[in-house]
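Residue-level structure breakdown
Read off the chains here:
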Amino acid sequence: MSDVKVLNKGIKFAHASIGSVKGFEGKQFLKDATGASSCEISFGSLPKGASVPFFHSHKANEENYIILSGKGLFQVDDNVFDISEGSVVRVATDCDRNLKCTSDEPMCYVCIQALEGSLGNYTMTDAEITERESRL
Ligand code: ZN
């Protein structure tokens, strides 16, 4: 079981890691390690045949699940569909959700939870090119 480690931190940033995404089971939450103020990011890993032990719903936050490896099933209320590496599933508020791993390899995923309807500007409507000298 790996733990979240904060590797670099400044006033304007934090770099945390869970290590190998295939090196743990269960959930690892990142908000406290990174200080995120707009969303909660968690990594999850389910072995073959396992699902989250409960269905749950959110009142205010939508969730975006990004499947990194493995295959499985996703259920939203009474809708069930296949998911696999590369799948991205957005789930709105006020509905039940769960996922189950059906592949031999563990199903690893990221879940990003954020206030539904809160995204205003994004990418180039929010970003601006700056003149900083690169040190990379
Ligand atoms: Zn949730």
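Notes on the structure in this doc start here. It should be emphasised that the depicted structure is a prediction, and the values quoted were computed from it without experimental measurement.

Observations regarding the coordination of the zinc ion
- In the first shell of the zinc ion, the protein supplies His56 (NE2), His58 (NE2) and Glu63 (OE), at 1.9 to 2.1 Å from the metal.
- Along the chain, the residues donating to the zinc ion are arranged with the sequence spacing H-x1-H-x4-E.
- On the basis of relative accessible area, His58 is assigned to the buried category, the value being 15%.
- A relative accessible area of 3% means that Glu63 is categorised as buried.

Re the packing of aromatic side chains
- One pass over the full model with this rule turns up three aromatic pairs.
- Geometrically, the ring pair formed by Tyr65 and Phe74 is edge-to-face, given 5.0 Å between the ring centres and 75° between the ring planes. Each member of the pair, Tyr65 as well as Phe74, carries the same accessibility label: buried.
- In this structure an aromatic cluster arises from ring pairing among Tyr65, Phe74, Phe81 and Tyr109.

Re the nonpolar core
- Core analysis: the biggest nonpolar cluster contains 16 residues, and Tyr65, Phe74 and Leu99 have the highest contact counts within it.
- Mapped onto this core, the elements with two or more residues apiece are β5 (61–69), β6 (71–76), β8 (88–91), β9 (97–101) and β10 (107–115).
- Top contributing element to this core by residue count: β10, with three residues.
- In this structure Tyr65 touches His56, Phe74, Ser87, Val88, Val89, Val91, Arg97, Leu99, Tyr109, Val110 and Cys111, once residues within four positions along its chain are discounted.
- In terms of nonpolar packing, the next biggest core, distinct from the first, is built from seven residues, Ala16, Leu30, Ala33 and Val110 among them.

Conventions used here
- Residues numbered from 1 in each chain as written.
- Predicted model: local features only at pLDDT ≥ 70, side-chain atom pairs only at ≥ 80, totals over all residues.
- Heavy atoms only, no water.
- Donors = N, O, S within 2.8 Å, 3.2 Å for Na, K, Ca; no water.
- Buried < 20%, exposed > 50% of the residue type's maximum accessible area, 1.4 Å probe, protein only.
- Phe/Tyr/Trp six-rings, centres within 6.5 Å; stacked < 30°, edge-to-face > 60°.
- Core = buried A, V, L, I, M, F, W, Y, C linked by side-chain atoms within 4.5 Å.
- Helix = DSSP H or I, 4+ residues; strand = E, 2+ residues; numbered from the N terminus.
- Contact = heavy atoms within 4.5 Å.

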